[in-house]
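Here is how the chains run, residue by residue.
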Amino acid sequence: METEDRLLTPGEVASLFRVDPKTVTRWAAAGRIGSIRTPGGHRRFRESEVRALLEGDAGAQAAFESGNVQQ
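Structure report, in brief. Computed from a predicted model, the values in this text were never measured in an experiment.

Conventions and cut-offs
Residues numbered from 1 in each chain as written. Predicted model: local features only at pLDDT ≥ 70, side-chain atom pairs only at ≥ 80, totals over all residues. Heavy atoms only, no water. Salt bridge = Lys/Arg side-chain N within 4 Å of Asp/Glu carboxyl O. Helix = DSSP H or I, 4+ residues; strand = E, 2+ residues; numbered from the N terminus. Buried < 20%, exposed > 50% of the residue type's maximum accessible area, 1.4 Å probe, protein only. Pairing = 2+ DSSP bridges. Core = buried A, V, L, I, M, F, W, Y, C linked by side-chain atoms within 4.5 Å. Contact = heavy atoms within 4.5 Å.

### Thoughts on the pattern of salt bridges
Here's step 1: For the coordinates displayed, the defined rule picks out three salt bridges.
Here's step 2: Where R6 meets E12, a salt bridge forms, and the shortest distance between an N and an O atom there is 3.8 Å.
Here's step 3: One salt bridge in this structure joins E47 and R51, with 3.5 Å as the shortest N-O distance. Here E47 pairs with R51, and both are found in helix 3 (residues 47-54), just four residues apart, close to one helical turn.
Here's step 4: Overall, the relative accessible area of 34% leaves R51 in the partly exposed class.
Here's step 5: Several salt bridges converge on common partners, so that one network encompasses R6, E12, E47 and R51.

Shown next, in the form of structure tokens:
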């Protein structure tokens, strides 16, 4: 991970994938996409991971489809 990797909200990720924010939250709960929690309990997603999925990175895509994404 990059040291300056930007964190995205579920809404920002949803816009990129053109899905509802609740879908992104379900993906995270199912382990299909990695997320971290803020001290307040909100989910955030690493921009580099999201971009890799969007750009079709074979390794990231395989992990996404199999649900083997580390959190």
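Now that the structure has been shown, we can carry on.
### So, the sheet that holds strand 2 (residues 36-37)
Here's step 1: Spatial strand order, 1-3-2: three strands in an open sheet with antiparallel pairing. Every interior strand has two partners, whereas the edge strands, strand 1 (7-8) and strand 2, have only one.
Here's step 2: Judged from the two bridges that link them, strand 1 and strand 3 (residues 43-46) form a sheet pairing that is antiparallel. The partner of L7 across the bridge, within strand 3, is R46.

### Quick word on the nonpolar core
Looking at soluble globular proteins, one finds that nonpolar side chains tend to be buried together.
Here's step 1: Counting residues in hydrophobic clusters, the biggest one holds 10 residues: L8, V13, A14, V24, W27, A28, I33, F45, V50 and L53.
Here's step 2: The set of elements that each furnish at least two residues to this core consists of helix 1 (10-17), helix 2 (21-29) and helix 3.
Here's step 3: If one sorts the elements of this core by residue count, helix 2 sits on top with three residues.
Here's step 4: Setting aside residues no more than four positions away along its own chain, A14 makes contact with V19, D20, P21 and V24.

On their own, these measurements won't tell you what the molecule is for.
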